[in-house]
Amino acid sequence: QVQLVESGGGLVQAGGSLRLSCAASGRTFSSYAMGWFRQAPGKEREFVAAISWSGGNTYYADSVKGRFTISRDNAKNTVYLQMNSLKPEDTAVYYCAADNSYFFPRATITDYDYWGQGTQVTVSS
C-alpha cells in the first residue's frame, strides 16, 4: 500500500508559478505510475498529468500542456508538478495519485489505486 501526501499549494497571482510535491511512503514507489488530478469548486475531478515508472514518459491534459511539467525522483519517493503561467482557471484542489498497473498513460480517476488528501491552489486575477 502507498500513502501519498501533497504539499506546495498556495495563493499566487495570474502568470506566477508554483511547484507541488507529493511524497510517497513505502519502498515500491518506482513500481507505480503517478498522476496529478485537480478538482475545482462545483466541478468534477479532472486529469492533469501523468508520469511513467522511471519518469521517461509523461502525458498531459491539453489545458496544461506547455505550462505544467510533471517529474519524479524515485530516490526520494516524490513526484512533482511544476506549474508556470498560472491562470485563474487553474484554481482547484490538486491531488496526486498512484497507479499500480502495467499500462501508461492512464487518465481516468478509476485507473488510480491510491490518492493523497489534496492541496489547494488559488490563482488570483
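The following refers to the structure shown. This structure is a prediction, so every number in the text was calculated from the model and none was measured.

**Some words on the environment of S25**
Piece 1. For S25, the location among the structural elements is in the loop between β3 (18–24) and β4 (33–39).
Piece 2. Residue class for S25 comes out partly exposed when judged on its relative accessible area of 28%.
Piece 3. Linking S25 and T78, residues 53 residues apart in sequence, is a C-alpha distance of 9.1 Å.
Piece 4. Setting aside its immediate chain neighbours within four residues, S25 contacts V2, Q3 and N77.

**Some details on the pairing of strand β9 (residues 92–99)**
The side chains of a regular strand alternate, first on one face of the sheet and then on the other.
Piece 1. A large share of β9 lies buried, amounting to seven of its eight residues.
Piece 2. Where β4 and β9 come together, seven bridges link them in antiparallel fashion. Opposite M34, over in β9, you have A98 as the bridge partner.
Piece 3. Both β9 and strand β11 (residues 119–124) contribute to a ladder of three bridges, which runs antiparallel. Within β11, the residue paired with A92 across the bridge is V121.

About the cut-offs
Position numbers for residues count from 1 along each chain, tracking the sequence in the order it is written. Totals for whole chains, interfaces and linings use every residue, but because this is a predicted model, local features are given only for residues with pLDDT of at least 70 and side-chain atom pairs only at 80 or more, for both listing and counting. Excluding hydrogens and water, the side-chain values take into account all heavy atoms of the structure. A run of H or I in DSSP becomes a helix once it reaches four residues, and a run of E becomes a strand once it reaches two; helices and strands are each numbered from the N terminus. Residue exposure (1.4 Å probe, protein chains only): buried if accessible area is under 20% of the type maximum, exposed if over 50%, otherwise partly exposed. Throughout, a contact is declared for two residues whenever any of their heavy atoms are within 4.5 Å. Pairing between strands is defined by DSSP: at least two bridges between the two strands are required.

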